[in-house]
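Listed below are the residues making up each chain.
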Amino acid sequence: MTIDEIKQTEFTGASVFMPVYDEIDSVFRAVEIILSTCDKRDITEIILIISKQGGELHRLKLEPLKEKYPDVKFKIFVQSQNGVGGASREAIEVSDGSHLISIAADFQFDPICVSQLIECSKAQPDKVFTTSRWLIKHNFAGYSKVKKVFNFLGQRFISLLYGVRLTDVTTPVQSCPTIYYRHLILERDDFSFFVEVSLKLLRFGAEFKEIPVKFYPRKEGRSNNSFIETMKFLPVTVHTRLMNKNKIIK
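Residues numbered from 1 in each chain as written. Predicted model: local features only at pLDDT ≥ 70, side-chain atom pairs only at ≥ 80, totals over all residues. Heavy atoms only, no water.

A. How the structure looks around the nonpolar core. In this structure, L48 and L62 are the most contacted members of the largest nonpolar core, which totals 40 residues. Listed by contribution, the elements that provide at least two residues to this core are β1 (14–20), α1 (24–37), β2 (43–50), β3 (74–78) and α5 (113–123). With seven residues, α1 is the largest single contributor of residues to this core. Residue contacts for L48: discarding those within four places in its chain leaves M18, V20, V27, L62, L65, F74, K75, I76 and F77. (Core = buried A, V, L, I, M, F, W, Y, C linked by side-chain atoms within 4.5 Å. Buried < 20%, exposed > 50% of the residue type's maximum accessible area, 1.4 Å probe, protein only. Helix = DSSP H or I, 4+ residues; strand = E, 2+ residues; numbered from the N terminus. Contact = heavy atoms within 4.5 Å.)

Here it is, written out as structure tokens:
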């Protein structure tokens, strides 16, 4: 199968997905910004999938969103699979939008980018639009110098290995036709899921375009994306490049 066989030709609505760990206040703020900057007619639904650690307690804390925005469809539930990768796979399964937009719930990525991603996907529904922290100078607030250097070198390595001109392949914030995701075999449970999905989309033949995004220090909850977790991107990058395509695409 090639991507041309399932090429997305129309934008009918976006499912906006946030995996939630413990960032309750940030989720409320992010939803408010998204709904105030987007045309609600472009949003099919907002999907909030809560980690097993947060469980029912955090789900109940997010339920008031349905009353606050009665004209918006919400899907709020505790994930059954493991990790942020498992939550993302569940979002792909339950999504009703022609496009799925993933955004972090910790408010590190400016939620206004959702409206920009929607406009891009409406104009070119067959493309994958992804955000880049590197397209804005003096970005990466809260990153240590070591982590920033490692990120830069890692992005360069990925671009050279895959023959692409992308600056931020590991970003978790992108808009993609839902049908493309559903034809990928996705296995990672940890934060390396985000590089896995992007690299498999590249191997599938998807065309990527980047938009700049402002990156902020985390203000709520604790980060689960440690330096060790970031290091896991490297073996996933090499392994995915060497995989046979029949192990990438369903």
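B. Fine view of empty space enclosed by the protein. Within this structure, the stated rule accounts for one cavity of 30 Å³ or more. Empty space within the largest cavity amounts to approximately 100 Å³. Lining the largest cavity are 13 residues; nearest its centre among them are S102, Y181, F193, F194 and V197. Going through the elements one at a time, α4 (83–94), β4 (99–102) and α8 (193–204) are the ones with two or more residues in the lining of the largest cavity. The dominant element in the lining of the largest cavity, judged by the number of residues it contributes, is α8, at four residues. (1 Å grid on protein atoms, 1.4 Å probe; cavity = no way out; pocket = protein on both sides within 12 Å on 5 of 7 lines; lining within 4 Å. Points joined across faces, edges and corners; volume = space filled by probe spheres on them.)

C. Examining helix α10 (residues 233–242) more closely. Inspection of α10 places F233, V236, T237 and T240 among the buried residues, and these make up the whole buried set. Considered in projection along α10, the buried side chains sweep an arc of 105° and stay on one side of the axis. In α10, those exposed residues whose orientation departs by more than 90 degrees from the buried face are P235 and L242. (Arc of directions from axis to C-beta.)

D. Layout of the pattern of salt bridges. For the structure on display, the rule yields 18 salt bridges. Among the salt bridges present, the one from E45 reaches K75, with a minimum N-O distance of 3.0 Å. Residue E45 is found in strand β2, and its partner K75 is found in strand β3; the two are separated by 30 residues along the sequence. We note that E45, like K75, is buried. A salt bridge links R133 to D168, with the nearest nitrogen and oxygen atoms 2.7 Å apart. Of this pair, R133 sits in the loop between β5 (128–132) and α6 (145–162) while D168 sits in the loop between α6 and β6 (174–177); the two residues are 35 residues apart in sequence, bridging distant segments of the chain. Each member of the pair R133 and D168 is classed as buried. (Salt bridge = Lys/Arg side-chain N within 4 Å of Asp/Glu carboxyl O.)

E. Expanded view of the state of the cysteines. What the rule picks out here adds up to zero disulfides. Free of any disulfide, C38 has its nearest cysteine sulfur in C113, 9.2 Å distant. Judged by relative accessible area, C113 falls into the buried class, the value being 1%. (Disulfide = S-S within 2.5 Å.)

F. Examining the sheet that holds β4 more closely. With mixed pairing, the seven strands of this open sheet are ordered in space as β3-β2-β1-β4-β6-β5-β7. Edge strands, defined here as strands with exactly one partner in the open sheet, are β3 and β7 (208–212). Strand-to-strand twist in this sheet, taken as the mean axis angle between neighbours without regard to direction, amounts to 20°. By the bridge criterion, four bridges tie β1 to β4 in an arrangement that is parallel. Of the residues in β4, the one forming a bridge with F17 is S102. In the packing of helix α2 (residues 55–62) onto the sheet, the strands contacted are β1, β2 and β3, and the crossing angle to β3 comes to about 160°. Contacts between α8 and the sheet are confined to β5, β6 and β7, with β6 contributing the most and set at about 45° to the helix. (Pairing = 2+ DSSP bridges. Axes fitted to C-alpha atoms, helices over the stretch in contact; angles between N-to-C directions.)

G. Representation of the packing of α8 against α10 within the structure. In contact at an axis separation of 10 Å, α8 and α10 are set at 20° when each is read in the N-to-C sense. Accordingly, the angle class assigned to the pair α8 and α10 is roughly parallel. Seen from above, α8 lies across α10 with right-handed handedness. Across the interface between the two elements, V195, E196, L199, K200 and R203 from α8 touch F233, V236, T237, T240, R241 and L242 from α10. Taken together, the residues of the contact of α8 with α10 sort by class into five nonpolar, two polar and four charged. (Parallel < 35°, antiparallel > 145°, perpendicular 65-115°, else oblique. Left-handed = near helix turned anticlockwise from the far one by under 90°. Nonpolar A, V, L, I, M, F, W, Y, C, P; charged D, E, K, R; others polar.)

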